[in-house]
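Chain and residue survey
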Amino acid sequence: MAEAATGSGTAGGTITARGAIAREVGQPASIEEFTIDPPGPGEALVRILASGVCHTDLSVKNGVFGSDFFPVLLGHEGAGVVEQVGEGVANVAPGDHVMLAWRAPCGACRFCLDGRPHLCAASLNAEKRMRSMDGQTLTPVLGIGTFCTHTLVHAKQCVPFDPALPPEQLSLIGCGVMTGVGAALYSAGVKPGGSVAVFGCGGVGDSVIMGAKLAGATKIIAVDIDPRKLEWAKGFGATHTVNAREGDPVARIKELTGGFGVQYAFEAVGRPETTEQAIFCRDLAGTCVIIGVAGPKSTMELALGRFFDLGGILRVSWYGDCLPTRDFPMLTEWYRQGRLDLDGMVTRVIPLEETEEAFHAMERGETLRSVIRF
Ligand SMILES: NC(=O)c1ccc[n+]([C@@H]2O[C@H](COP(=O)([O-])OP(=O)(O)OC[C@H]3O[C@@H](n4cnc5c(N)ncnc54)[C@H](O)[C@@H]3O)[C@@H](O)[C@H]2O)c1
Ligand SMILES: [Zn+2]
Ligand SMILES: [Zn+2]
């Protein structure tokens with residue numbers, strides 16, 4: 001889209017933007033103005049068009065990861081338009097519509113050099129040059145910050161998309177959808193005909209369901225505690241549903257799989273009990289993928305004998321082991337072809353002022369994704 005463009009358009013000075021900032025753990029985010037310095041070398045200033053509200057933003061705001069890095073500019077699932085680029089930027093140019101990725105492989109760390117850029121340990125970010133009006137340096141969530149009119153990112157975090165496509169839907173590829181679909185395709189490597197259980201049917205879990213369906217899984221068991229979520233999960237491809245409030249979900253999954261359990265289990269809640277259930281609902285030699293983020297204080301006990309006897313694989317999936325430059329365009333095409341239901345994922349479109357209400361709606365289980373539209 002912008003192959004020919006080389007860095008230019010940095011004429012502007014510091015700008016004033018508006019966004020949702022978490023200043024104190026557990027307190028409502030405040031909608032305030034903040035300043036952004038012009039993009040430095042390799043950076044891009046992006047005007048946000050839309051941003052999904054992911055559970056990770058709620059966890060950050062609630063202090064699950066501590067508060068040393070507060071104040072925080074919330075949001076990390078965004079789509080927008082590049083307004084300015086810094087020196088040396090060649091992958092995007094002003095005017096490009098882009099999805100924002102929280103992984104931009106550096107090309108130089110031990111994982112990148114080892115041919116595993118999806119594990120990059122030094123993912124590229126812009127320098128921290130966004131500041132509150134009272135002069136505090138803001139930490140953008142996952143190096144992005146998208147609950148705001150503008151943000152400063154590393155240009156390599158920008159992945160262009162066709163401006164004819166709706167930014168509300170496309171923004172969701174930036175985190176939840178990519179994470180879920182990638183967890184099924186890459187982290188687990190679901191095979192055609194496979195059997196799958198997904199614990200937690202929010203935006204991420206339903207994306208696992210879509211990924212498993214795309215991979216050709218024939219049995220996809222959705223597990224949640226909310227009947228509305230289970231109903232929605234069917235729309236994304238779940239073949240069976242289990243309400244974990246109505247009995248032991250592991251026993252129910254065994255019943256649904258001839259007594260054996262599933263070949264692939266996914267945890268997309270972020271709790272010890274669902275992690276344990278995801279581990280033990282597998283058939284022998286099955287794969288369990290942890291996606292939910294439990295946070296540094298969470299612990300669990302594991303029956304090691306049972307765990308050993310099951311064999312198989314237990315692994316964590318960061319961002320669905322994706323490579324945004326390869327995978328965002330693929331998911332975009334699947335959306336265009338009607339194979340990836342992003343429309344069904346957008347439960348509500350809201351203004352920035354309703355960010356706090358979007359968190360409450362998520363807690364009440366009313367949304368898969370609220371999308372803030374600017
Ligand atoms: N690994 C990654 O790279 C990555 C990326 C994005 C999000 N996440 C994490 O994934 C998790 C899910 O995110 P989301 O945005 O889909 O959240 P969400 O709040 O939309 O969905 C969570 C779902 O879990 C369900 N749930 C709660 N308790 C349950 C239980 N005991 N049994 C079964 N279901 C239960 C809820 O009803 C809800 O439907 C969060 O922990 C988030 O931080 C991880
Ligand atoms: Zn790297
Ligand atoms: Zn997220």
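Below or above, wherever it landed, is the structure these notes cover. Just so it is clear, the structure is predicted and the values come from calculations on it, not from any experiment.

Strand order in the open sheet formed by 5 strands is β7-β2-β1-β4-β8, and the pairing between neighbours is mixed. The outermost strands of the open sheet, each flanked by one partner alone, are β7 (130-132) and β8 (139-140).

Next up on the list: the environment of Pro192. One can find Pro192 in the loop between α4 (176-188) and β11 (195-199). Separated by 128 residues in the primary sequence, Pro192 and Gly320 place their C-alpha atoms 19 Å from one another. Residues in contact with Pro192, not counting those within four places in the same chain, are Ala215 and Gly216.

Glancing now at the coordination of the zinc ion (ligand 2). Within the protein, the atoms that donate to the zinc ion (ligand 2) are Cys106 (SG), Cys109 (SG), Cys112 (SG) and Cys120 (SG), at distances of 2.3 to 2.4 Å. Taken together, the 4 donor atoms coordinating the zinc ion (ligand 2) span angles of 103 to 116° at the metal, a pattern that classifies the geometry as tetrahedral. Every donor residue of the zinc ion (ligand 2) comes from the same chain, spaced as C-x2-C-x2-C-x7-C. For Cys112, a relative accessible area of 12% corresponds to the buried category.

A word on the site of ligand 1. Residues in contact with ligand 1 amount to 26 residues; listed here are only the nearest, His55, Thr56, Asp224, Lys229 and Tyr319. In this structure, Lys229 approaches ligand 1 through a side-chain N or O atom, which is 2.8 Å from an oxygen atom. A distance of 3.0 Å is found between an oxygen atom of ligand 1 and a backbone nitrogen or oxygen belonging to Val293. Alone, ligand 1 offers 870 Å² of accessible surface; in the complex the protein occludes 90% of this. Listing elements by their share of the shell around ligand 1, those giving two or more residues are α1 (55-61), α5 (203-214) and β12 (219-224).

Moving on to the sheet that holds strand β16 (residues 313-316). Within a sheet, adjacent strands bond to each other through the backbone by hydrogen bonds, running parallel or antiparallel. The strand order across the open sheet formed by 6 strands is β13-β12-β11-β14-β15-β16, and the pairing between neighbours is parallel. The two strands at the open ends of the sheet, each matched to only one other strand, are β13 (240-243) and β16. Neighbour-to-neighbour, the strand axes of the sheet open up by a mean angle of 15°, direction not taken into account. With 4 bridges joining them, β11 and strand β14 (residues 262-267) adopt parallel strand pairing. Residue pairing for β14: Val198 is matched across the bridge by Phe266.

What follows is about the coordination of the zinc ion (ligand 3). Coordination sphere of the zinc ion (ligand 3), protein contribution only: Cys54 (SG), His76 (NE2) and Cys175 (SG), at 2.0 to 2.3 Å. As a motif over one chain, the donors of the zinc ion (ligand 3) read C-x21-H-x98-C. Here His76 lies in the loop between β4 (72-73) and β5 (78-85) and Cys54 lies in the loop between β3 (43-52) and α1, a separation of 22 residues in the sequence. Taking relative accessible area as the criterion, Cys54 reaches 3% and is therefore assigned buried.

With that settled, the discussion passes to the packing of α4 against α5. Closest axis-to-axis distance for the α4/α5 pair is 7 Å, and the angle between their directions is 40°. Regarding the angle of α4 to α5, the classification is oblique. Crossing geometry of α4 relative to α5 is assigned as right-handed. Facing α4, whose interface residues are Gly176, Val177, Thr179, Gly180, Val181, Ala184 and Leu185, α5 presents Gly203, Val204, Ser207, Val208, Gly211 and Ala212.

Here we take up the side chain of His150. As for its placement among the helices and strands, His150 is situated in strand β9 (residues 150-154). Using a relative accessible area of 14% as the deciding quantity, one classes His150 as buried. At 3.0 Å, the side chain of His150 and the side chain of Thr149 are in polar contact. His150 has contacts with Ile15, Ala17, Phe34, Ile36, Leu45, Val46, Arg47, Ile48 and Glu83, leaving out every residue within four places of it along the chain.

Thresholds applied
Residues numbered from 1 in each chain as written. Chains lettered and ligands numbered in written order. Predicted model: local features only at pLDDT ≥ 70, side-chain atom pairs only at ≥ 80, totals over all residues. Heavy atoms only, no water. Pairing = 2+ DSSP bridges. Helix = DSSP H or I, 4+ residues; strand = E, 2+ residues; numbered from the N terminus. Contact = heavy atoms within 4.5 Å. Donors = N, O, S within 2.8 Å, 3.2 Å for Na, K, Ca; no water. Tetrahedral: all angles 85-135°; square planar, octahedral: opposite > 155°, others 65-115°. Buried < 20%, exposed > 50% of the residue type's maximum accessible area, 1.4 Å probe, protein only. Near = heavy atom within 4 Å. Polar contact = N/O pair within 3.5 Å; in protein donor to acceptor, adjacent residues only side chain to side chain. Areas by Shrake-Rupley, 256 points an atom, 1.4 Å probe, with all protein chains shown as cover. Axes fitted to C-alpha atoms, helices over the stretch in contact; angles between N-to-C directions. Parallel < 35°, antiparallel > 145°, perpendicular 65-115°, else oblique. Left-handed = near helix turned anticlockwise from the far one by under 90°.

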